[in-house]
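# Structural description and commentary
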4 protein chains.
Amino acid sequence: MADVKKVVLAYSGGLDTSVILKWLQDTYNCEVVTFTADLGQGEEVEPARAKAQAMGVKEIYIDDLREEFVRDFVFPMFRANTVYEGEYLLGTSIARPLIAKRLIEIANETGADAISHGATGKGNDQVRFELGAYALKPGVKVIAPWREWDLLSREKLMDYAEKHGIPIERHGKKKSPYSMDANLLHISYEGGVLEDTWTEHEEDMWRWSVSPENAPDQATYLELTYRNGDIVAIDGVEMTPATVLAELNRIGGANGIGRLDIVENRYVGMKSRGCYETPGGTIMLKAHRAIESITLDREVAHLKDELMPKYASLIYTGYWWSPERLMLQQMIDASQVNVNGVVRLKLYKGNVIVTGRKSDDSLFDANIATFEEDGGAYNQADAAGFIKLNALRMRIAASKGRSPL
Amino acid sequence: MADVKKVVLAYSGGLDTSVILKWLQDTYNCEVVTFTADLGQGEEVEPARAKAQAMGVKEIYIDDLREEFVRDFVFPMFRANTVYEGEYLLGTSIARPLIAKRLIEIANETGADAISHGATGKGNDQVRFELGAYALKPGVKVIAPWREWDLLSREKLMDYAEKHGIPIERHGKKKSPYSMDANLLHISYEGGVLEDTWTEHEEDMWRWSVSPENAPDQATYLELTYRNGDIVAIDGVEMTPATVLAELNRIGGANGIGRLDIVENRYVGMKSRGCYETPGGTIMLKAHRAIESITLDREVAHLKDELMPKYASLIYTGYWWSPERLMLQQMIDASQVNVNGVVRLKLYKGNVIVTGRKSDDSLFDANIATFEEDGGAYNQADAAGFIKLNALRMRIAASKGRSPL
Amino acid sequence: MADVKKVVLAYSGGLDTSVILKWLQDTYNCEVVTFTADLGQGEEVEPARAKAQAMGVKEIYIDDLREEFVRDFVFPMFRANTVYEGEYLLGTSIARPLIAKRLIEIANETGADAISHGATGKGNDQVRFELGAYALKPGVKVIAPWREWDLLSREKLMDYAEKHGIPIERHGKKKSPYSMDANLLHISYEGGVLEDTWTEHEEDMWRWSVSPENAPDQATYLELTYRNGDIVAIDGVEMTPATVLAELNRIGGANGIGRLDIVENRYVGMKSRGCYETPGGTIMLKAHRAIESITLDREVAHLKDELMPKYASLIYTGYWWSPERLMLQQMIDASQVNVNGVVRLKLYKGNVIVTGRKSDDSLFDANIATFEEDGGAYNQADAAGFIKLNALRMRIAASKGRSPL
Amino acid sequence: MADVKKVVLAYSGGLDTSVILKWLQDTYNCEVVTFTADLGQGEEVEPARAKAQAMGVKEIYIDDLREEFVRDFVFPMFRANTVYEGEYLLGTSIARPLIAKRLIEIANETGADAISHGATGKGNDQVRFELGAYALKPGVKVIAPWREWDLLSREKLMDYAEKHGIPIERHGKKKSPYSMDANLLHISYEGGVLEDTWTEHEEDMWRWSVSPENAPDQATYLELTYRNGDIVAIDGVEMTPATVLAELNRIGGANGIGRLDIVENRYVGMKSRGCYETPGGTIMLKAHRAIESITLDREVAHLKDELMPKYASLIYTGYWWSPERLMLQQMIDASQVNVNGVVRLKLYKGNVIVTGRKSDDSLFDANIATFEEDGGAYNQADAAGFIKLNALRMRIAASKGRSPL
């Protein structure tokens, strides 16, 4: 067991991380610094202060990171139209590097030599926290209690809490059967009945959105203004990044948008089923592709598409702070300089429908694309040579007996 | 002007290709063979026979290619989860290589030395037809009247038709303002009001699907059975490929599924707006990803995702018959050997929702993925070493002063 | 410590694996099966039999795997022009999956439940052995003594050997200061003075090749015949794969060919310096590119080049038996069907110079490529349209103010 | 024929471009501006002035572009270790975009509406010139005489010259049978006996280098200093980019380094054989990889390797001024910030041998990589977990019956 003097704990104030707090104090006989972040998860963060104080914590950090989260993590990711395995918008993945960064910053400020988190040894989050931490502070010690202790069942955890006087809040409402994670980008559900891939998810699992069935019968129209690939205004009203996302979550959720039920491949080697609600993100992905469709060069767009799966994997697997992600980001950001304009969307019962896009930087040229006579803007005869030379290698091959017929 | 003895014309029986037929006879003073294909476009093909006969055509080919189209073109493409520029399901693109193939086969059978088609000089279709033709018969001559003649406006075309006694059917219904193309996979719309990217598409443009608003208030559930990556049964009833797709179009269209409004990048260098209805294809894409999610290895899936944009571009730009597409297809097909099982979907007002997937070849292992104790199936301590070594290069870099902080 | 009944040990007969043999017997109290392979490393394998018998081993496998090694591992790898990090021909990497395969086959034959190897915990080889073993027999136990025991220094190892009566052969010649590995494809050197990246390698380190300085002053000419991407004859004499490679090693080594001194990135996260002699492989890489240059389609060649670094990494990191490597191999092999013909090389003091290539499947067409008049084989006017349409997107962009000037 | 007022001609002063000059004046009845560049081709550029004046040209540009060429084109390209089709160092390709840029700059300065060049309609150079020109000045007219006129044979050209009083210099030395191109990076040879791929190139074809046979028997040692991926000093002496390259050409050529004989795939669809001498470039490629090997992160290096073939193709096919090349360059340049240090090379009869590399930014850590005990810098036990989790997906697959055995 490592010799630890002071550890910064990612502390939610809930039962699990409270047990961890106590366990760290007892097991490592070290000082604990708590760090609680408001990432837009929709829960109060202030109550964590009293709880930490009650357990004797002297250095307590409670940060509102919502703007930094959206501005420096969510928005850069959406510039790449990032989707993992064709479906997942990386809501959990993208929050972890920010938490890792704050853990290390706080460790540096408080002179702590270790960090700790409550992620299990089976999931991706431990990797995301720890790769980030190591990349930012190579000598840091990492304590991952779920990989060390023997409290692997919920029952043992409760016993430990009770034995050590950690308050277990028993709400009137039943404990959710799902393992959940939330931030401004999404809320996720794993476990419970989802562990059978054939069983349909339950309607009452979802928390952020109404079902398409229960969404309004009237469509909602929306105009999003882009500047350098990021949304800066909704219906003409300029907003901060976090406000944009919160507002899109509200509108999207009300229209039954952004639910997802998938089986994904974890970095640690297993498949796992997850359900996600990402109302704002679902809207942003569709709209960003639309604004890029008129402002981005074809080959730039295709290069981005070819690199996207790699970029998405880097985020999913926790390499946000790696040099290769930073290098890719430079290229992605450089591509966005002309991604300016407005996208008009129609939201209706789960559907995000693009109905218009315009831009002063549009590369769409109606004079050239028209089906009417174009007055010489485009010389159709050029196509003959274009095709002939593109075909030449195949014609030579076929003439040497390699026709696929 | 090339010296042509006999030309095979892709003939729809409509005004444009009837004018082309006449123009070929007059301009090249050559024999014309007509080829009319039923690709599921939803129009009668037999009437083309009488029209061709009336213009003196002796060799008339009318083929029902629906099964070949879906089995050998559509299904292989969907094995790769193919999407062009993040949105387009390639409905037009995938039909062209089959037409090219038949044109060449017929040229070989009839001893023709040329082919001809009615695609314009501004679009992708000319490229797709001609690249295919050249790859399959390198010495073939290609006549693309739209690049040669001076009938570029509709008015001139009508004049020509009238002057040469080509019957212009004047239906009671107004001529569509859109340029359209249809086959079993989709129907497309270009031109008209769509030439302004900011103008919303009109509701009465769509032909295959009801709007989400007009779709039933009751969801439709569906089970699709996969074998080697292809759908072989719907709700347990085995069907041929074309029947599968027709049935999915019917069900999807009735539920408001598969409409798309995009601006895409043509191979000839311009951006163009297109609207598409692809009800069955939209369902197939979602379902295929779902069955792959439990049956495909992670790295195989990721490799497919990384290569997909390239593969999609090859199909979009007309390289179906190229050696590189054939080589990629070998890899894609090889990946599908275990893609077997059943996907359950819920269709509701434009939404395709996956509610379950199961397979005898599933790689999902609930014992390992579970949030409960797993009885030793997975050793959480392994994760520590996994993370440590994955972090090593970044730790060394940070210790040499390269921390991103 | 795992409960092991019988373990198959990759046994060279040398000091290290002899100590491991004894240590396994003592520590695990289990039966040991030895497996010794002739991969062309240039050392006798039969002496391993007596040594194993002397330590009480009852099941002793000594296999000549040279043909299988070259035919099923080396040749398929060279079909992809595989090079890791621009330099390394993967001589060690490619032998490991064959050893892993034999270990598992022998485990299956002898009813063993474990395998063991002598690779250290810092290198790539442990990963290659074990990933292979797990992929082929998922429940197998792996014993990697270097990660478990406390004999980490050479001195302690010698003490252990002496204490347990393991014969330490003290040759007249001094023990090499390098860690070496050899098989038919290469011999490698690590450690010693190489651990300072600025220090020049020593001339007397090299074992397989003369220096360019000491190579003959007369060039050697060579003709290699390819069939489906593999060499089948040297100077017109048909040979088996292993004979081809042995012969190329002999000729190449005599001409000072194939030495390499690099710093490479190990899979476990560190950089390490290695020196390699790969005489035959260096010739094969150059010659294979030459035969492909006239027989392979351009886009197929480019696709292979784009995928090669990924393929090389898969082999380097031990994923030979992974589904993604197998999938890539299908594509690579499919590309080789027309890679037939003859390459003529000139070898001279370290240089491999291509002086000619010919093939019945050549796509080189002198009539089209000629600088003389070509009699109409190629229409230069086609190039105008080709360029115009390829430029169109950039012209539109520039006309909208995006010129890079 | 386009209506042209003033045209900027890329003018070498030789016979071909002199004929073009005259032909432009006569055919287009327009003013001609000549542009002659010193790119290090090793021929006097000043004589072009008198020749142009003699033909009545009023605006004559003669530029020494050597430093700009190496600094802004050659060096950026070498940062990516750029090689086309595994062999070709792109010596011709990389010079064309600079000429295109100057043609357009001069057109803008002189108010010309057209440019012209002497490249044939079969090659890559026309594409490179014209794509560059269109990207930089979308409305420019391009006159490519070789695609327009009827002077396709040398004889007709000579007749034209004689008829129009264009002086044909008849040197004592015989006209080279090769089509050649030279600049500071390389000299190339095409045509003549090279049009048979089986015929060996002739020794007396080469102009810049001695043969390995004729190179000194004594090796030359060299130390190259890198800053941000570019060479800034040779043997400790700081030099400008062009001086670095000229000096490396001198040293390399004297040691028989940098000859190449290949068959390459042209953009216009045919295969063509070329011989190249690139002494300095061959040294730079090897040395750059060596300095990157100790200063670059593994994944950054691998990402660069995966993108390099695409980047090389972009340069080969003339897309230097495209947005996708510019985007890739941003990423490549960003990767070079730590590529600093010194590489020591040994040059000997055609061989470039790396004998050492050192850097203050080295990521090589001898303490971790050592074969000796490392005092705990690396925990070998970590490797077990690393392997286990990397193997997990394959173990699950094998346990479901998917073992490749």
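Residues numbered from 1 in each chain as written. Chains lettered and ligands numbered in written order. Predicted model: local features only at pLDDT ≥ 70, side-chain atom pairs only at ≥ 80, totals over all residues. Heavy atoms only, no water.

Just so we agree on the cut-off: UniProt positions are given in the numbering used here, feature names are shortened, and annotations may be inferred rather than shown by experiment.
Chain A carries the name Argininosuccinate synthase in an unreviewed UniProt entry, which gives Pseudomonas putida as its organism. The Pathway (unreviewed entry) field of the UniProt record for chain A holds the comment "Amino-acid biosynthesis; L-arginine biosynthesis; L-arginine from L-ornithine and carbamoyl phosphate: step 2/3." Its UniProt record gives chain A the following Subunit (unreviewed entry) comment, quoted word for word: "Homotetramer."

### A closer look at the domain arrangement of chain A
Residue and element names in this part refer to chain A. Which entries qualify depends on this criterion: Residue ranges assigned to each domain were obtained from an automatic or database domain assignment. Here, residues are in contact when the closest pair of their heavy atoms is within 4.5 Å. Once two parts are joined, some of their accessible surface, as seen by a 1.4 Å probe, is lost; buried area is that loss totalled over both. Salt bridges, as used here, are contacts in which a Lys or Arg side-chain nitrogen is within 4 Å of a carboxyl oxygen on Asp or Glu. The way it works is that DSSP assigns letters per residue, a run of H or I at least four long becomes a helix, a run of E at least two long becomes a strand, and they are numbered from the N terminus.
Examined at the domain level, chain A breaks down into domain 1 (6–163) and domain 2 (181–296 + 338–358). For domain 1 and domain 2, the distance between their C-alpha centroids amounts to 26 Å. Counting residues at the interface gives 31 residues for domain 1 and 36 residues for domain 2. Of all residues in domain 1, the largest losses of buried area upon contact with domain 2 belong to F75, F78 and N81, amounting jointly to 22% of the total for that side. D230 is the salt-bridge partner of R79, the closest N and O atoms lying 2.9 Å from each other. Secondary-structure elements contributing two or more residues to the side of domain 1 that touches domain 2 are α3 (66–78) and α5 (125–136). Of the residues forming the side of domain 1 that touches domain 2, the biggest block, nine residues, is contributed by α3.

### Quick word on unusual backbone geometry
Note the threshold: Relative accessibility decides the category of a residue: with a 1.4 Å probe and only protein chains considered, values under 20% of the type maximum give buried, values over 50% give exposed, and everything between is partly exposed.
Phi at N228 of chain C is positive, roughly 50°, even though this residue is not glycine. Residues other than glycine seldom take positive phi values, yet L90 of chain D does so here, at roughly 65°. Within the secondary structure, L90 of chain D sits in the loop between α3 (66–78) and α4 (96–110). Judged by relative accessible area, L90 of chain D falls into the buried class, the value being 0%.

### Focus on the nonpolar core
For clarity, the threshold we go by: Here, nonpolar core refers to any group of buried Ala, Val, Leu, Ile, Met, Phe, Trp, Tyr and Cys residues whose side-chain atoms link them within 4.5 Å.
Counting residues in hydrophobic clusters, the biggest one holds 414 residues, and the most contacted among them are F69 of chain A, F69 of chain B, F69 of chain C together with F69 of chain D. Setting aside anything within four residues of it in sequence, one finds F69 of chain A in contact with L39, V74, I94, A95, L98, N183, L184 and L185 of chain A.

### Considering the relation of the copies chain C and chain B
The line we're drawing: Least-squares superposition of the copies uses the C-alpha atoms of those residues scoring a pLDDT of at least 70 in each of them.
Laying chain C over chain B is done by rotating through 180° and shifting 0.0 Å along the axis; what remains is an RMSD of 0.0 Å. Here the copies are linked by what is in effect a two-fold axis. Within chain C, the C-alpha atom positioned nearest to the axis of rotation is that of M331 of chain C, 2.7 Å from it. The overlap is high: 100% of the interface residues of chain C also sit at the interface in chain B, so the same surface is used on both sides.

### Topic: the relation of the copies chain A and chain B
Laying chain A over chain B is done by rotating through 180° and shifting 0.0 Å along the axis; what remains is an RMSD of 0.0 Å. Comparing contact sets, 100% of the residues at the interface of chain A also lie at the interface in chain B, consistent with an isologous, same-surface contact.

### A look at the UniProt feature "binding site: L-citrulline" (unreviewed entry) in chain A
Residues and elements named next belong to chain A. Worth spelling out the cut-off: Under this definition, polar contacts are N or O atom pairs within 3.5 Å; protein pairs additionally need one hydrogen-donor-capable and one acceptor-capable atom, and for neighbouring residues in sequence, both atoms have to be side-chain atoms.
Residues annotated by UniProt as "binding site: L-citrulline" (unreviewed entry) correspond here to Y88, S93, N124, R128, S179, S188, E264 and Y276. Discounting residues that sit within four places of it in the chain, E264 has contacts with E85, Y88, N124, M270, K271, S272, Y276 and Y316. Here the side chain of E264 touches Y276 through a polar contact of 2.4 Å, side chain to side chain. Mapped onto the elements, Y276 comes out in strand β12 (residues 271–277). Judged by relative accessible area, Y276 falls into the buried class, the value being 3%.

### Brief notes about the pairing of strand β8 (residues 220–227) of chain C
All names here are of chain C. Applied cut-off: Strands are treated as partners if at least two bridges between them are detected by DSSP.
In the sheet, β8 pairs with strand β13 (residues 341–348) via seven bridges, with the strands oriented antiparallel. Counterpart to L222 in the pairing with β13 is L345. Bridge analysis of β8 against strand β9 (residues 230–234) gives four bridges, and the strand direction is antiparallel. Looking at the pairing, R227 lines up with D230 of β9. Connecting β8 to the next strand, β9, in antiparallel fashion are two residues, including N228 with a positive phi near 50°.

### Observations concerning the packing of aromatic side chains
We apply this condition: Aromatic pairing here means that ring centres of Phe, Tyr or Trp (its six-membered ring) are within 6.5 Å. Orientation follows from the plane angle: under 30 degrees is stacked, over 60 is edge-to-face, and everything else is tilted. Two thresholds decide whether a charge sits over a ring: the Lys NZ or Arg CZ must be within 6 Å of the ring centre and within 35 degrees of the ring normal.
On inspection of all chains with the given rule, the structure shows 50 aromatic pairs over all chains. Taking 5.9 Å as the distance between ring centres and 70° as the angle between the ring planes, the aromatic pair formed by W23 of chain B and Y28 of chain B counts as edge-to-face. Judged by relative accessible area, W23 of chain B falls into the buried class, the value being 9%. Linked through ring pairs, Y267 and Y319 of chain A, F386 of chain B, Y267 and Y319 of chain C together with F386 of chain D together constitute an aromatic cluster. In this arrangement the basic side chain of R128 of chain C is found over the ring face of Y316 of chain C, its NZ or CZ atom lying 4.9 Å from the centre. Sitting over the face of the ring of W198 of chain C, R344 of chain D holds its NZ or CZ atom 4.3 Å from the ring centroid.

### Looking at the pattern of salt bridges
Counted by the stated rule, this structure contains 124 salt bridges over all chains. Taking the shortest distance from any N to any O, the salt bridge between D261 of chain A and R357 of chain B comes out at 2.8 Å. In this pair, D261 of chain A sits in strand β11 (residues 259–265) while R357 of chain B sits in strand β14 (residues 351–358), so the two residues belong to two different chains. Summarising the burial analysis for this pair, D261 of chain A and R357 of chain B share the class buried. Note that R96 of chain D and D181 of chain D form a salt bridge whose closest N and O atoms lie 3.3 Å from each other.

### As for the sheet that holds strand β5 (residues 141–143) of chain A
Residue and element names in this part refer to chain A. Defined as follows: Throughout, an axis means a line fitted to C-alpha atoms (over the contacting stretch in the case of helices), and angles, computed between N-to-C directions, take values from 0 to 180 degrees.
Reading across the sheet, the five strands line up as β3-β2-β1-β4-β5 and stay open at both edges, with parallel pairing between neighbours. In the strand order of this sheet, the two ends are held by β3 (60–64) and β5, each with one partner. Neighbour-to-neighbour, the strand axes of this sheet turn through a mean angle of 20°, independent of strand direction. Both strand β4 (residues 114–116) and β5 contribute to a ladder of three bridges, which runs parallel. Bridging from a neighbouring strand, I115 pairs with V142 of β5. Set on the sheet, helix α2 (residues 47–54) makes contact with β2 (31–38) and β3; between it and β3 the angle comes to about 170°.

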